[in-house]
Amino acid sequence: MSRPLVLTNATLATMESGYGLGPTALVAEQGVITWLGHDLPERFAPLAQDLGGALVTPGLVDAHSHIVFGGNRAAEFELRLNGASYEEVARAGGGILSTVRATRAASEESLLEQSLARADALIAGGVTTLEIKSGYGLTVADELKMLRVAREIGRARRLRVVTTHLAAHAIPPEYQGRAMAYIEEVAVPSLRLAVDEGLVDAVDAFCEKIAFQPHEVEVLFQEARALGLPVKLHAEQLSDLGGAALAARHGALSADHLEYLSPEGIAAMAKAGTVAQILPGAFYTLRETQLPPIAALRAAGVPMVVASDCNPGSSPMTSLTLAMNMACTLFRMTPLEALQGTTIHAARALGLTSGIRVGAKADLCLWNATHPAELSYKIGQTPLARIFEGHHD
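Quantities reported herein were computed from a predicted structural model and do not represent experimental measurements.

### Considering the packing of helix α6 (residues 179-196) against helix α7 (residues 214-226)
Reasoning step 1: It is at 10 Å that the axes of α6 and α7 come closest, and there the two elements cross at 20°. Considering their axes alone, α6 and α7 lie roughly parallel with respect to each other. In the crossing of α6 with α7, the sense of the turn from one axis to the other is right-handed. Here A179, M180, I183, A187, V188, L191 and R192 of α6 come into contact with α7, specifically with H215, E216, V219, L220, E223 and A224.
Reasoning step 2: For the contact of α6 with α7, the class distribution of residues is 9 nonpolar, 1 polar and 3 charged.

What follows is the structure, given as structure tokens:
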């Protein structure tokens, strides 16, 4: 039996009713928080760690990542800086499809080695729960390969991994002009096999002019729901195809990106309880100018998630605290919203819960900071001191 975790003189951001800066002491036993308050029970006093006022938050949740992939796209980054648009690069055979070629060529062992380095960087920044998508294989075998690697990351590291099937990410060359055939012959069969192997927790798709149309996504979502899986959607990143409303009709956990989200889409998300995933890394890397409608989402009461969107093309970023800073600086989110978006709201986007409360898992981050706003304020710095991982105890 492990010794209780006893923290005193802490700045505890419980994330209850805002930051929740109330209790200053915590006890966790067998990885579960059993006591919160100010006056520590005497029996725990010999085990107390005095934190000197340091900040403790829930472990950070990165609810949107593509960290399993082969190769990189630095050359494409240079092309965009010389004037090519994201869509132009994609139509010329670059973009997602260039990563598909590298990922198909890589073994599971090679993919795991490359991906663990990215996972380690996220962990070093306070991430204790990580969503990982497939979507760079685009064959039945290669999508399953990616999902197996994602599961292995969770076994190889002290990290809770949630997997997402994203076979409907791009149309491979062999299916150009036959998107529905790809859905029926690759996306749906790979999803069924992933379920059989226990490799998938949710289903995603990229609804965009250069990817899949709403009626094609509809077929995949109907299959997902028949299999008992929740859905989410890359929506309204480059244009408004009504993807957010489609996601909401299916009770989606989240709609992600959302730069071109309409008022009708916001209303549909608010009614369905679908959260908004805000991904500033892609906005920054692609030098976009269309801002996601943060104020309108806020006014509608739609919870907002902040995620890394770590991927080789549009967001090669492995720092969730940097994403928090970008969300505040570029999109005018508040530091409170950014921390909610990487804890309680991010967990909701994965069908999980987060927060510091009695009965919750003691997934905690100790920071070299004394106020939660410091996590969004410091550019490119991660003042993490330690992670306590209750979900592994």
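### Here's the deal with the packing of aromatic side chains
Describing an aromatic ring pair means giving the distance of the ring centres and the angle of the ring planes.
Reasoning step 1: This model, assessed by the stated rule, comprises 4 aromatic pairs.
Reasoning step 2: Here a set of aromatic residues connected by ring pairs shows up, and it is made of Y175, Y182 and F212.
Reasoning step 3: For the cation-ring pair, R118 lies above F69, with the distance from its terminal atom to the ring centre recorded as 3.5 Å.

### Some details on the environment of P335
Reasoning step 1: Position of P335 relative to the elements: it lies in helix α13 (residues 335-340).
Reasoning step 2: Taking the C-alpha atoms as reference points, P335 and P372, separated by 37 residues in sequence, lie 7.5 Å from one another.
Reasoning step 3: Among all residues touching P335, those that are not within four sequence positions of it are Y19, C328, A373 and S376.

### Details of the pattern of salt bridges
Reasoning step 1: Going through the model one piece at a time under the given rule, you end up with 16 salt bridges.
Reasoning step 2: For E76, the salt bridge identified is with R73, shortest N-O distance 3.0 Å.
Reasoning step 3: Exposure remark for E76: the relative accessible area of 7% places this residue in the buried category.
Reasoning step 4: Note on R73: relative accessible area 6%, which makes it buried.
Reasoning step 5: For the salt bridge of E152 with R155, the shortest nitrogen-to-oxygen distance reads 3.0 Å. Of this pair, E152 and R155 both sit in helix α5 (residues 140-156), 3 residues apart, which is roughly one turn of the helix.

### A few points about the side chain of T11
Reasoning step 1: For T11, the location among the structural elements is in strand β2 (residues 11-12).
Reasoning step 2: Among residues more than four places away in sequence, those in contact with T11 are L21, G53, A54, L55, V56 and T370.

### Examining the UniProt feature "binding site: 4-imidazolone-5-propanoate" (unreviewed entry) in the protein chain
Reasoning step 1: As annotated in UniProt, the feature "binding site: 4-imidazolone-5-propanoate" (unreviewed entry) corresponds to R73, Y136, H169, Q237 and S314 in the numbering used here. Residues from the named set that contribute to the lining of the largest cavity are R73, Y136, H169, Q237 and S314.
Reasoning step 2: Summarising the element assignment, H169 is placed in the loop between β9 (160-168) and α6.
Reasoning step 3: Not counting the four nearest positions on each side in its chain, H169 is found in contact with H66, I96, G135, Y136, L138, F206, A211 and F212.
Reasoning step 4: Of the polar contacts made by the side chain of H169, one reaches the backbone oxygen of G135; its length is 3.0 Å.
Reasoning step 5: Along the chain, the position of S314 falls in the loop between β14 (304-306) and α12 (320-331).
Reasoning step 6: Classification of S314 as buried rests on a relative accessible area of 6%.

### Some words on the nonpolar core
Reasoning step 1: One finds I67, V68, I153, F212 and L233 to be the most contacted residues of the largest nonpolar core, which totals 99 residues.
Reasoning step 2: The biggest single contributor to this core is α6, with 9 residues.
Reasoning step 3: Excluding residues that lie within four positions of it along the chain, L233 makes contacts with D204, A205, C207, V217, F221, G243, L246, A247, S254, A255 and D256.
Reasoning step 4: A10, L51, A54 and A362 belong to the second largest nonpolar core, which has 15 residues in total.

### Regarding the UniProt feature "binding site: Zn(2+)" (unreviewed entry) in the protein chain
Reasoning step 1: Mapped onto this numbering, the UniProt entry gives "binding site: Zn(2+)" (unreviewed entry) at H64, H66, H234 and D309. These annotated residues cover 246 residues of sequence, and their C-alpha atoms all fall within 12.4 Å of one another, placing them together at a single site. As for the annotated residues, the ones lining the largest cavity are H66, H234 and D309.
Reasoning step 2: Mapped onto the secondary structure, H66 falls in the loop between β7 (60-62) and α1 (74-81).
Reasoning step 3: Among the residues examined, H66 registers a relative accessible area of 2% and is labelled buried.
Reasoning step 4: Leave out the neighbours within four places in its chain, and H66 touches K133, Y136, L166, H169, H234, D309, C310 and N311.
Reasoning step 5: Of the polar contacts made by the side chain of H66, one reaches the side chain of D309; its length is 3.3 Å.
Reasoning step 6: Examined against the element boundaries, D309 turns out to sit in the loop between β14 and α12.
Reasoning step 7: Not counting chain neighbours up to four residues away, the residues in contact with D309 comprise D62, H64, S65, H66, H257, L279, A282, S314 and S315.

Rules and cut-offs
Residues numbered from 1 in each chain as written. Predicted model: local features only at pLDDT ≥ 70, side-chain atom pairs only at ≥ 80, totals over all residues. Heavy atoms only, no water. Axes fitted to C-alpha atoms, helices over the stretch in contact; angles between N-to-C directions. Helix = DSSP H or I, 4+ residues; strand = E, 2+ residues; numbered from the N terminus. Parallel < 35°, antiparallel > 145°, perpendicular 65-115°, else oblique. Left-handed = near helix turned anticlockwise from the far one by under 90°. Contact = heavy atoms within 4.5 Å. Nonpolar A, V, L, I, M, F, W, Y, C, P; charged D, E, K, R; others polar. Phe/Tyr/Trp six-rings, centres within 6.5 Å; stacked < 30°, edge-to-face > 60°. Lys NZ or Arg CZ within 6 Å of the ring centre and 35° of its normal. Salt bridge = Lys/Arg side-chain N within 4 Å of Asp/Glu carboxyl O. Buried < 20%, exposed > 50% of the residue type's maximum accessible area, 1.4 Å probe, protein only. UniProt positions renumbered as here; feature names shortened; annotations may be inferred. 1 Å grid on protein atoms, 1.4 Å probe; cavity = no way out; pocket = protein on both sides within 12 Å on 5 of 7 lines; lining within 4 Å. Polar contact = N/O pair within 3.5 Å; in protein donor to acceptor, adjacent residues only side chain to side chain. Core = buried A, V, L, I, M, F, W, Y, C linked by side-chain atoms within 4.5 Å.

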